[in-house]
Amino acid sequence: MRKILITGGAGFIGSHFVDALVDAYPAHRIIVLDKMTYAADINHISAHLEQHRVQLVMGDICDYDICRKLIQDCDLVVHAAAESHVDRSFHSSILFTHTNTLGTHTIMEACRDAQVPRIIHVSTDEVYGEVLSGEVNENGEMNPTNPYSASKAAAEMIVNGYRHSFNLPVVVVRANNVYGIRQFPEKLIPRSIMSLIDGKKIPLHGDGSNVRHYLAAPDFASALVLLAREGKINETYNIGSREEYSNRDVVRMLCEQFNVSFDSSVEFVADRPFNDRRYSISWEKICGLGWKPRHNLRNDIPVVVDWYRKNADSMREKLKELC
Ligand SMILES: NC(=O)c1ccc[n+]([C@@H]2O[C@H](COP(=O)([O-])OP(=O)(O)OC[C@H]3O[C@@H](n4cnc5c(N)ncnc54)[C@H](O)[C@@H]3O)[C@@H](O)[C@H]2O)c1
C-alpha cells in the first residue's frame, strides 16, 4: 500500500488537509506526525482515526530517528508542522526557530535519506514582509519582520539548499492568512468569536488598520492536493484569495453576526513590537493549474461562528490551559 506522511496534521490547516487527502487518495495509508502541542486536537482527525484511514504518531519533527522511520517508503511528504502564532513568537522566539527551522531541516534530511519522490513544504506569505501597495509574486524578495516569519524564511533557505545540493524534489507553498473551523482561539477570528460568545471585549492590536488577505482552510487544502499531483518540482507557489480586509473590517463583520456594535465590543490594546501593515501576493501561477478559491469570508462567518458556539466549552478549556 502507498503511503503519505503529513506533519502537523492534528493542527488547524493540517487537519483540513487530512480531510482532503482522505478523499483524494483513497488507496493510500495516511500518517500524521504531530507533537500534539497546545494547537493540536485529536478531535480534528478522530473520525479518520476511527475509520482507520489515518494513523496518528505523536512525535517531534526535530527527532531525526522518528522522522526517518516514518518517511521510509512515502510517496509524498507534506510538511505543515510549525509554531504558527506571531504574537507568541515575540516571547518564545527560540522555540520558533527550533521547531520551524531545525524541524524543517530534520524533515528535509530524512526525506533526502529516504529518497522521497515528492515533498510539499508549507510556508507563508509572511516571508515577504509587508507589501504596502500592489502585490508580490513568487520571485519577490524575502524580508521577514518577526521571529515567526524569520523562522519560516530560514526554513525555506534550508529547503533551497537541499533543492540545489541534493536535487530534493520539493514544492514550496506560501499562503495568505487562513481561516476556518478548528483554528486555535488565539488568532484574530476565533479569538474575537470567543470574546463575543463570552460577552468580553475583543482585544484589537494598535488601531486595527493592519490589512490581511483571508483564505478559507478548505480552499488551501484543495490547492495543496492539486500541488501534490501537479505542482512543478523546485517551484514555489503563492496561494491566496481576493478577500482583503483590515482587522477592524473583520471584527466589524463578526460584530454584525452577533448583532452587537463594534464600538461597544472592542478594546484597543498595545500593538505588536512590529506589525506588518499589509501582506499581498499574486497567485496567478497556481491559477494556471486550474485552481481558484471558492469560499469568501463574509459567507463563511455564520458557519465558523456556529462551530465555535458548539465547541465553546472545549475552546475555553484550551485557553485556560494556556494561561
Ligand atoms: N494559519 C495561517 O494563517 C497560516 C498561513 C500560511 C501558512 N501557515 C503555515 O501552515 C502550517 C500550519 O499552520 P496552522 O495554522 O495549522 O498551525 P497550528 O498551530 O494550528 O498547527 C500546527 C501543528 O503543528 C504541530 N507541531 C508543532 N510543533 C511540532 C513539532 N515540533 N513536531 C511535530 N508537530 C508539531 C502542532 O501540534 C499542531 O498540530 C504552518 O507551517 C504555518 O506556518 C499558516
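Our structure's up above, just so we're on the same page.
This report concerns the structure included in the present document.

1. Concerning the overall build of the protein
Inference 1: Check the secondary structure of the protein and you find 13 helices and 12 strands.
Inference 2: Expected size for 323 residues packed as a compact globule is a radius of gyration near 20 Å; at 19 Å, the protein falls within 12% of this value.
Inference 3: Counting only C-alpha atoms and orienting by the principal axes, one finds that the protein spans roughly 55 × 45 × 40 Å.
Inference 4: Residues counted as buried form 56% of the 323 residues belonging to the protein.

2. Structural notes on helix 6 (residues 147-166)
Inference 1: In this model helix 6 runs 28 Å from its N-terminal to its C-terminal C-alpha over 20 residues, within 8% of the 28 Å that 1.5 Å per residue would give.
Inference 2: Next to the buried residues of helix 6 lie helix 4 (86-91), helix 5 (93-114), strand 5 (119-124), strand 6 (170-175) and strand 10 (236-239).
Inference 3: For helix 6, the side-chain oxygen to backbone nitrogen distance between the N-cap and Tyr148 is 3.0 Å, and the N-cap itself is Asn146.
Inference 4: Following helix 6 by one or two positions, Asn167 adopts a phi angle in the positive range, close to 55 degrees.

3. Here we look at the site of the ligand
Inference 1: The environment of the ligand is made up of 29 residues, and the closest members are Ile13, Asp34, Ser84, Tyr148 and Lys152.
Inference 2: In the complex, 97% of the free accessible area of the ligand, which totals 830 Å², lies under the protein chains.
Inference 3: Per-element accounting of the shell around the ligand gives the leading share, 3 residues, to strand 5.
Inference 4: Residues belonging to the shell around the ligand are distributed by class as follows: 14 nonpolar, 10 polar and 5 charged.

4. What about the nonpolar core?
Inference 1: By size, the foremost hydrophobic cluster in this structure holds 42 residues, and its most contacted members are Ile6, Ile120, Val173, Phe220, Ile239, Ile286 and Trp291.
Inference 2: Every element with two or more residues in this core is listed here: strand 1 (2-7), helix 1 (12-24), strand 2 (28-34), strand 4 (76-79), strand 5, strand 6, helix 8 (217-230) and strand 10.
Inference 3: When residues of this core are assigned to domains, at least three fall in each of domain 1 (2-178 + 215-239) and domain 2 (184-212 + 243-269 + 277-322).
Inference 4: Setting aside chain neighbours within four positions, we find Ile239 in contact with Val173, Arg174, Ala175, Asn176, Leu215, Phe220, Ala223, Leu227, Ile281, Trp283, Ile286 and Trp291.
Inference 5: Counting 27 residues, the second largest nonpolar core, distinct from the first, contains Met194, Ile202, Tyr245 and Met315.

5. Examining the packing of helix 3 (residues 64-71) against helix 5
Describing two packed helices takes the angle between their axes plus the distance from one axis to the other.
Inference 1: Contact geometry of helix 3 with helix 5 gives a least axis separation of 9 Å together with a crossing angle of 40 degrees. One finds that helix 3 runs oblique with respect to helix 5. Of the two elements, helix 3 crosses helix 5, and the hand of that crossing is right-handed. Side by side, helix 3 and helix 5 meet where Tyr64, Cys67, Arg68 and Ile71 of the first sit next to Thr106, Ile107, Glu109, Ala110, Cys111, Asp113 and Ala114 of the second.
Inference 2: Grouping the amino acids of the contact of helix 3 with helix 5 by side-chain chemistry returns 7 nonpolar, 1 polar and 3 charged.

6. Quick notes on the packing of aromatic side chains
Inference 1: Throughout the structure, instances matching the rule amount to 5 aromatic pairs.
Inference 2: Their ring planes at 90 degrees and their centres at 6.4 Å tell us that Phe96 and Tyr148 sit as a pair that is edge-to-face. Here Tyr148 lies in helix 6 and Phe96 lies in helix 5, a separation of 52 residues in the sequence.
Inference 3: Residue class for Phe96 comes out buried when judged on its relative accessible area of 0%.
Inference 4: Ring centres of Tyr162 and Phe166 lie 5.0 Å apart, and the angle between their planes is 55 degrees; on these two criteria the pair is classed as tilted. In this pair, Tyr162 and Phe166 both sit in helix 6, 4 residues apart, roughly one turn of the helix.
Inference 5: On the basis of relative accessibility, which here comes to 8%, the residue Tyr162 falls in the buried class.
Inference 6: Lying across the ring of Tyr25, Arg229 places its NZ or CZ 4.9 Å from the centre.

About the thresholds
- Residues numbered from 1 in each chain as written.
- Predicted model: local features only at pLDDT ≥ 70, side-chain atom pairs only at ≥ 80, totals over all residues.
- Heavy atoms only, no water.
- Helix = DSSP H or I, 4+ residues; strand = E, 2+ residues; numbered from the N terminus.
- Rg over C-alpha atoms; globule rule 2.2 N^0.38 Å.
- Buried < 20%, exposed > 50% of the residue type's maximum accessible area, 1.4 Å probe, protein only.
- Expected span 1.5 Å × (residues − 1).
- Contact = heavy atoms within 4.5 Å.
- Polar contact = N/O pair within 3.5 Å; in protein donor to acceptor, adjacent residues only side chain to side chain.
- Near = heavy atom within 4 Å.
- Areas by Shrake-Rupley, 256 points an atom, 1.4 Å probe, with all protein chains shown as cover.
- Nonpolar A, V, L, I, M, F, W, Y, C, P; charged D, E, K, R; others polar.
- Core = buried A, V, L, I, M, F, W, Y, C linked by side-chain atoms within 4.5 Å.
- Domains from an automatic or database assignment.
- Axes fitted to C-alpha atoms, helices over the stretch in contact; angles between N-to-C directions.
- Parallel < 35°, antiparallel > 145°, perpendicular 65-115°, else oblique.
- Left-handed = near helix turned anticlockwise from the far one by under 90°.
- Phe/Tyr/Trp six-rings, centres within 6.5 Å; stacked < 30°, edge-to-face > 60°.
- Lys NZ or Arg CZ within 6 Å of the ring centre and 35° of its normal.

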